[in-house]
Amino acid sequence: MKELVLSPEVVEAVESIYNRLEDLYSQVAEKLKFSCKGCPDNCCDSYFQHHTYLEWAYLHIGLKQLDPEKQSELMLRARNYVEKVKEAEAADKRPQVMCPLNEDGLCMLYKHRLLVCRTHGVPATIKRPDGQSLAFPGCFRCQAIVEKKYFHFSDAPKVERTPFLQQLARLENELLHNERAKYPKVKMTIAEMIIAGPPVLDID
Ligand code: SF4
Ligand code: SF4
């Protein structure tokens, strides 16, 4: 078993996917005249799970650059996050807990944040492997803009997330010697990724 370490080439490939996604996000936001500026809310308390070893390892590149004290503090925050999520789930509620990486309203690891963090805000669509399409209406502020400007949600500009997810999945599969399917599925919050440390796998 060994830690999944991303080579500089893989890091560059991940960042290139993120950059292209950010370009598309900006184009959609521009068309909608939408921005996060002045927002009274902070959507880093939205509950998301993440599904790739690749992004998990990429997040840990950023985490390792933090000083040891900050890392210890983050570990406590992450454990606290997991406890609060359990409490919400026990009460049959969707968890709404601030991400441990959010400090004073800002992301401590902005450069290393995951794909879902990068697409939150504007309307988005995704096509699942079974062919089913899912639509995300965007955050509450963006939904208000869409409702005012468009008769139907389908008329509004959107970020199609599928190609970016596919590119990440392909890259991850290559990294795992085209044997991604033999490894357990990933379904983790950022807090769980922090607690678990970087991914450790049975790889050559
Ligand atoms: S990783 Fe950063 S952007 Fe993503 S939810 Fe956490 S604080 Fe927010
Ligand atoms: S995505 Fe929406 S809810 Fe989140 S900070 Fe931006 S404007 Fe606010």
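In what follows, the accompanying structure is described. Computed from a predicted model, the values in this text were never measured in an experiment.

## Details of the overall build of the chain
Looking only at helices and strands, the chain has seven helices and seven strands in total. For the chain, the succession of helices and strands along the chain, N to C, is β-α-α-α-β-β-α-β-β-α-β-α-α-β. Radius of gyration (C-alpha) of the chain: 18 Å, near the 17 Å computed for a compact globule of 204 residues. Across its three principal directions, the C-alpha atoms of the chain cover 55 × 35 × 35 Å. Surface summary for the chain: the accessible area is close to 12000 Å², and the carbon and sulfur share equals 54%. For the chain, the separation between the mean place of its 28 positive charges and that of its 29 negative charges on side chains is 5 Å.

## A word on the packing of aromatic side chains
By the definition in use, this model includes three aromatic pairs. Taking 5.6 Å as the distance between ring centres and 65 degrees as the angle between the ring planes, the aromatic pair formed by Tyr18 and Tyr58 counts as edge-to-face. Placement of the pair is Tyr18 in helix H1 (residues 8-32) and Tyr58 in helix H2 (residues 53-64), with a sequence separation of 40 residues. The exposure classification of Tyr18 matches that of Tyr58, with both residues buried. An angle of 75 degrees between the planes, with centres 6.5 Å apart, marks the rings of Tyr53 and Tyr183 as edge-to-face. On the criterion of sequence distance, the pair formed by Tyr53 in helix H2 and Tyr183 in the loop between helix H6 (162-175) and helix H7 (190-196) is long-range, its members being 130 residues apart. In this structure, Tyr53 and Tyr183 share a single accessibility class: buried. A connected cluster of aromatic rings, assembled from ring pairs, spans Tyr53, Trp56 and Tyr183. Across the ring face of Tyr110, the terminal group of Arg113 is positioned such that the distance to the ring centre comes to 3.7 Å. Its guanidinium or amino end placed over the ring of Tyr18, Arg118 lies 3.7 Å from that ring's centre, counting from NZ or CZ.

## Comments concerning the site of ligand 1
All residues in the neighbourhood of ligand 1 are listed as Cys44, Cys99, Leu101, Asn102, Cys107, Arg113, Cys117 and Ile190. A class-by-class count of the residues in the shell around ligand 1 yields six nonpolar, one polar and one charged.

## Considerations on H2
Look at H2: 16 Å from first C-alpha to last across 12 residues, which is about the 16 Å you get at 1.5 Å a residue. When you tally the buried positions in H2, you get 10 out of 12 residues, the bulk of the element. Among the residues of H2, those classed as buried are Tyr53, Leu54, Glu55, Trp56, Ala57, Tyr58, Leu59, His60, Gly62 and Leu63. On the buried face of H2, the contacting elements are H1, helix H3 (68-90), helix H4 (115-119), H6, H7 and strand S7 (200-201).

## Observations concerning the environment of Gly131
Summarising the element assignment, Gly131 is placed in the loop between strand S4 (124-127) and strand S5 (133-136). Judged by relative accessible area, which is 39%, Gly131 ranks as partly exposed. Sequence-wise, Gly131 and Asp45 are 86 residues apart; in three dimensions their C-alpha atoms are separated by 30 Å.

## Digging into the side chain of Thr52
Along the chain, Thr52 turns up in the loop between H1 and H2. The class of Thr52 is buried, set by a relative accessible area of 13%. When sequence neighbours within four positions are dropped, the list of residues in contact with Thr52 reads Glu172, Val186 and Met193.

## Section: the environment of Lys149
Looking at the element boundaries, Lys149 is found in helix H5 (residues 140-149). Taking C-alpha positions, Lys149 is 8.3 Å from Leu32, a pair spaced 117 residues apart along the chain. Contact partners of Lys149, with chain neighbours within four places excluded, come to Lys31, Leu32 and Lys33. A polar contact of 3.4 Å, which involves the side chain of Lys149, links it to the backbone oxygen of Lys31.

The rules we used
Residues numbered from 1 in each chain as written. Chains lettered and ligands numbered in written order. Predicted model: local features only at pLDDT ≥ 70, side-chain atom pairs only at ≥ 80, totals over all residues. Heavy atoms only, no water. Helix = DSSP H or I, 4+ residues; strand = E, 2+ residues; numbered from the N terminus. Rg over C-alpha atoms; globule rule 2.2 N^0.38 Å. Areas by Shrake-Rupley, 256 points an atom, 1.4 Å probe, with all protein chains shown as cover. Lys, Arg positive; Asp, Glu negative; His and termini not counted. Charge placed at Lys NZ, Arg CZ, Asp CG, Glu CD. Phe/Tyr/Trp six-rings, centres within 6.5 Å; stacked < 30°, edge-to-face > 60°. Buried < 20%, exposed > 50% of the residue type's maximum accessible area, 1.4 Å probe, protein only. Lys NZ or Arg CZ within 6 Å of the ring centre and 35° of its normal. Near = heavy atom within 4 Å. Nonpolar A, V, L, I, M, F, W, Y, C, P; charged D, E, K, R; others polar. Expected span 1.5 Å × (residues − 1). Contact = heavy atoms within 4.5 Å. Polar contact = N/O pair within 3.5 Å; in protein donor to acceptor, adjacent residues only side chain to side chain.

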